[in-house]
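Structural characterization, general
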Amino acid sequence: MAAVQNVGIVGAGAAGLAAAILLADAGIRVEILEKADAPQTLGSGITLQGNALRVLRQLGVWDQVEAKGYGFSTLGLRAPDPNGTVLAVLEDIRTGGDDLPATMGMYRPDLTAILRERAEQAGTRISYGKSVTEITDDGGSVSVRTADGTAASYDLLIGADGLHSAVRKAIGIDVEPRPTGMGIWRAFVERPDEVVRTDLTYGGPCFIAGYCPTGPDTIYAYLVEKAQERKHEDGPRIMAELAAAYGGPWKEIRANLDHSARINYTWFTTHLVDGPWNRGRTVIVGDAAHSCPPTVAQGAAMALEDAAVLAELLIQADDLTETLWKEFTDRRLDRAKAVVNASVQLGQWMLDGVRDANVPGLMYSLSTMLKEPA
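Quick look at the structure, then.

The rules behind each value
- Residues numbered from 1 in each chain as written.
- Predicted model: local features only at pLDDT ≥ 70, side-chain atom pairs only at ≥ 80, totals over all residues.
- Heavy atoms only, no water.
- Helix = DSSP H or I, 4+ residues; strand = E, 2+ residues; numbered from the N terminus.
- Expected span 1.5 Å × (residues − 1).
- Bend = angle between axes of the 7 residues up to and from the residue.
- Core = buried A, V, L, I, M, F, W, Y, C linked by side-chain atoms within 4.5 Å.
- Buried < 20%, exposed > 50% of the residue type's maximum accessible area, 1.4 Å probe, protein only.
- Contact = heavy atoms within 4.5 Å.
- Pairing = 2+ DSSP bridges.
- Axes fitted to C-alpha atoms, helices over the stretch in contact; angles between N-to-C directions.
- Phe/Tyr/Trp six-rings, centres within 6.5 Å; stacked < 30°, edge-to-face > 60°.

Here's the deal with helix α9 (residues 322-352)
In this model α9 runs 42 Å from its N-terminal to its C-terminal C-alpha over 31 residues, within 8% of the 45 Å that 1.5 Å per residue would give. By the largest-angle criterion, Thr-329 marks the main kink of α9, which is about 25°.

Here it is as structure tokens:
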């Protein structure tokens, strides 16, 4: 008998959908409350490291992900020169195991659609247009009220509602994301034939110039700069100006940065709820509990791991106890903290202009840890 029989999940992103799949597969009733009025169809690319792929295989969607995405197991380093000189091509650590690629790039809405279909097939109900405004825990259940006046009650509520989580606020956790000092331009464009992996260029007008193939015909390209006020409508011009210093595939990428390209600009932020992620029968996971700059591309992986560990514990236990929550904290907090700290440290070294930082040592240590199952 599982610890819960009726679970509410706030948020239909990767963490929420993954938890829903595993719980519904175990015969638990699951409803997802999603504030958007309909499934989201727009977005950019996403980088999935091997430990994320390991969870996606556990969810039974690896074949669909592999078909839609672009897998690779090397990392390229290029010089910030007009030729985009290749300095090194490194074998990447396969953190999901040797039978999975080290990295998979794909279009974010494709991943969400795959997970959403799988969750619905498992029996999950997804209710759209539901913004949570009130949460009440009476010790035996959690009652939720949404902005449209709907009320519902669950054995457990999972807040998987992202960076600015309404659930996190409602249960009295006052941690909020803070800027780290960097901003990133992202563009979703056609894939140059030369792009068969992620290549990173450090230096030039940007801290980082990089790209990740997301399918046979597409990539997302990104430029990381000092955080500043930017207007999205200026994206094609600003990205083209910044990209002019970089050679190799960037010449073709730059040519595609016209007004038809999907371009957005965001600041890097970070936060970590440094302690138990639950308050009574409500728990937060994924970006609601922790976030970090994408310098180690572990955001989605951490969200998926949170969901998998939480579902495992709930299915195996007979009741919601402090022992269950302690085990969840023990298995997730230090791992998430290591990822957050490494991500922020890499960015801070660049902001501070540190040239002798032990980046390889930090990345090797982190990857070695992540290769171990969560």
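Having seen it, we continue.
What to know about the nonpolar core
One finds Leu-48, Leu-56, Leu-59 and Ile-158 to be the most contacted residues of the largest nonpolar core, which totals 77 residues. In terms of residue count, the dominant contributor to this core is helix α8 (residues 299-316) (11 residues). The residues contacting Ile-158, other than those within four sequence positions of it, are Val-7, Gly-8, Ile-9, Val-10, Ala-19, Leu-23, Val-283, Val-285 and Leu-310. Ala-221, Met-239, Tyr-246 and Ile-263 belong to the second largest nonpolar core, which has 21 residues in total.

As for the environment of Ile-208
Along the polypeptide, Ile-208 turns up in strand β15 (residues 206-213). The spacing of Ile-208 and Ile-135 is 73 residues in sequence and 42 Å in space, taken between C-alpha atoms.

Some points on the sheet that holds strand β20 (residues 290-291)
If you walk across this open sheet you meet the 8 strands as β6-β5-β14-β15-β16-β13-β17-β20, and the pairing is mixed. Across the chains shown, the open sheet's two edge strands, defined by having one partner strand only, are β6 (86-91) and β20. Bridging between strand β13 (residues 178-190) and strand β16 (residues 218-226) involves 9 bridges; their strand directions are antiparallel. Bridging across to β16, Trp-185 finds its partner in Leu-223. Contacting β13, β15, β16 and β17 (262-272), helix α6 (residues 235-243) runs over the sheet at an angle of about 95° to β13.

Some remarks on the packing of aromatic side chains
On inspection of all chains with the given rule, the structure shows 7 aromatic pairs. Measuring from centroid to centroid gives 4.7 Å for Tyr-107 and Phe-188, while their planes differ by 25°, and the two rings are stacked. Of this pair, Tyr-107 sits in strand β7 (residues 103-107) while Phe-188 sits in strand β13; the two residues are 81 residues apart in sequence, bridging distant segments of the chain. For Tyr-107, a relative accessible area of 12% translates into the label buried. Between the aromatic rings of Tyr-211 and Trp-250, the centroid separation amounts to 6.1 Å while the plane-to-plane angle is 55°, which identifies the pairing as tilted. Here Tyr-211 is found in strand β15, whereas its partner Trp-250 is found in helix α7 (residues 250-255), with 39 residues between them in sequence. Here a set of aromatic residues connected by ring pairs shows up, and it is made of Tyr-211, Tyr-246 and Trp-250.

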